[in-house]
Amino acid sequence: LFMDKPVRIGDSCQFGDLTGTVEQIALRSTRIRGVDRTLISIPNAEFAKLRLVNYTRRDRSLLQHRIGLTYGASASQVCDVVDRIHHAMLSHPRIANEQIEVQFVGYGDSSLDIEIVGYVLTSDGAVFLDVQQEILLAIMGIVAEAGCDFAFPTRTLHVVGPAAAAEHPVFAKKAA
């Protein structure tokens, strides 16, 4: 810990299955304030063996979402939504332009799925959340302006009357 310095006081990190902010690095142990505000003390010998992710040292934060449009959307509407989301991401000053992906990626159970991937140029969690909110609200407007709706899980139930049921191979065998 002292030579490699994978963490410094104030760094936000994940170690093992816990997440928190480093408060003290001493000779024998490291103290981390958990996200639930508990103070966790870990012997340095143990801490050095844990898988450590230092969020403070990243140069950007991944923004990744999948949205689903209803099956009532036309191909041109889907293309319009994809293009407009891509443009919104490109024009945002806190999004890295070289790593934006907005694609129609498939037919979901209840939706036409669009994948949205980009990097927010910050390591600060609060700034990331602000930018993410701006992008998500812009997407809501884009979907509405394109005349589309967001999909939600649906099922279609076909009710068969008695006459049609009698002709159905499965039900006809039971009746005989």
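Residues numbered from 1 in each chain as written. Predicted model: local features only at pLDDT ≥ 70, side-chain atom pairs only at ≥ 80, totals over all residues. Heavy atoms only, no water.

Asker: Honestly, the packing of aromatic side chains in this entry has me stumped. Any pointers?
Answerer: What describes a pair of aromatic rings is the distance from one ring centre to the other and the angle between the planes of the rings. Applying the stated criterion to the full structure yields two aromatic pairs. The interplanar angle of 55 degrees and the centroid separation of 5.9 Å between the aromatic rings of F15 and F47 together place this pair among those described as tilted. Highlighted residues: F15 in strand β1 (residues 12-15) and F47 in helix α1 (residues 44-47), separated in sequence by 32 residues. Comparing F15 with F47, the two get one shared label, buried. (Phe/Tyr/Trp six-rings, centres within 6.5 Å; stacked < 30°, edge-to-face > 60°. Helix = DSSP H or I, 4+ residues; strand = E, 2+ residues; numbered from the N terminus. Buried < 20%, exposed > 50% of the residue type's maximum accessible area, 1.4 Å probe, protein only.)

Asker: Can you help me understand the sheet that holds β1 in this one?
Answerer: Whenever strands of a sheet pair, they do so through backbone hydrogen bonds, lying parallel or antiparallel. Pairing within the open sheet is antiparallel, and its five strands lie in the order β4-β3-β2-β1-β5. Two strands bound the open sheet, and with one partner strand each, they are β4 (39-43) and β5 (52-54). Sheet twist, expressed as the mean angle between neighbouring strand axes with direction ignored, is 40 degrees. Pairing between β1 and β5: three bridges, direction antiparallel. Opposite C13, over in β5, you have N54 as the bridge partner. (Pairing = 2+ DSSP bridges. Axes fitted to C-alpha atoms, helices over the stretch in contact; angles between N-to-C directions.)

Asker: Quick question: what am I supposed to make of helix α3 (residues 125-145) here?
Answerer: Since there are 3.6 residues in each turn of an α-helix, residues three or four apart along the chain are aligned in direction. Its 21 residues give α3 an end-to-end C-alpha distance of 30 Å, which sits within 8% of 30 Å, the value for a rise of 1.5 Å per residue. Residues F128, V131, Q132, I135, I139, I142 and V143 constitute the buried set of α3. Along α3, the residues classed as buried sweep out an arc of 110 degrees about the axis, all on the same side. Among the exposed residues of α3, those oriented more than 90 degrees off its buried face are L129, A144 and E145. Those residues of α3 that are buried are in contact with β6 (61-69), α2 (75-91) and β8 (112-120). At the N-terminal end of α3, a side-chain oxygen is found 2.8 Å from the backbone nitrogen of A126, two or three residues along, and the residue is D124. Count one or two residues on from α3 and you reach G147, which has phi positive near 80 degrees. (Expected span 1.5 Å × (residues − 1). Arc of directions from axis to C-beta. Contact = heavy atoms within 4.5 Å. Polar contact = N/O pair within 3.5 Å; in protein donor to acceptor, adjacent residues only side chain to side chain.)

Asker: Hey, could you run me through the packing of α2 against α3 in this one?
Answerer: The axes of two packed helices give the description: the angle between them and the distance between them. One can describe the packing of α2 onto α3 by two numbers: an axis separation of 10 Å at closest approach and a directional angle of 150 degrees. Judged on the interaxial angle alone, α3 and α2 are roughly antiparallel. In the packing of α2 onto α3, the handedness of the crossing is right-handed. For the pair α2 and α3, the contacting residues are V81, R84, I85, A88 and M89 in the first and I135, I139, I142, V143 and E145 in the second. The residue makeup of the contact of α2 with α3, split by class, is eight nonpolar, no polar and two charged. (Parallel < 35°, antiparallel > 145°, perpendicular 65-115°, else oblique. Left-handed = near helix turned anticlockwise from the far one by under 90°. Nonpolar A, V, L, I, M, F, W, Y, C, P; charged D, E, K, R; others polar.)

Distances and angles like these do not, on their own, reveal function.
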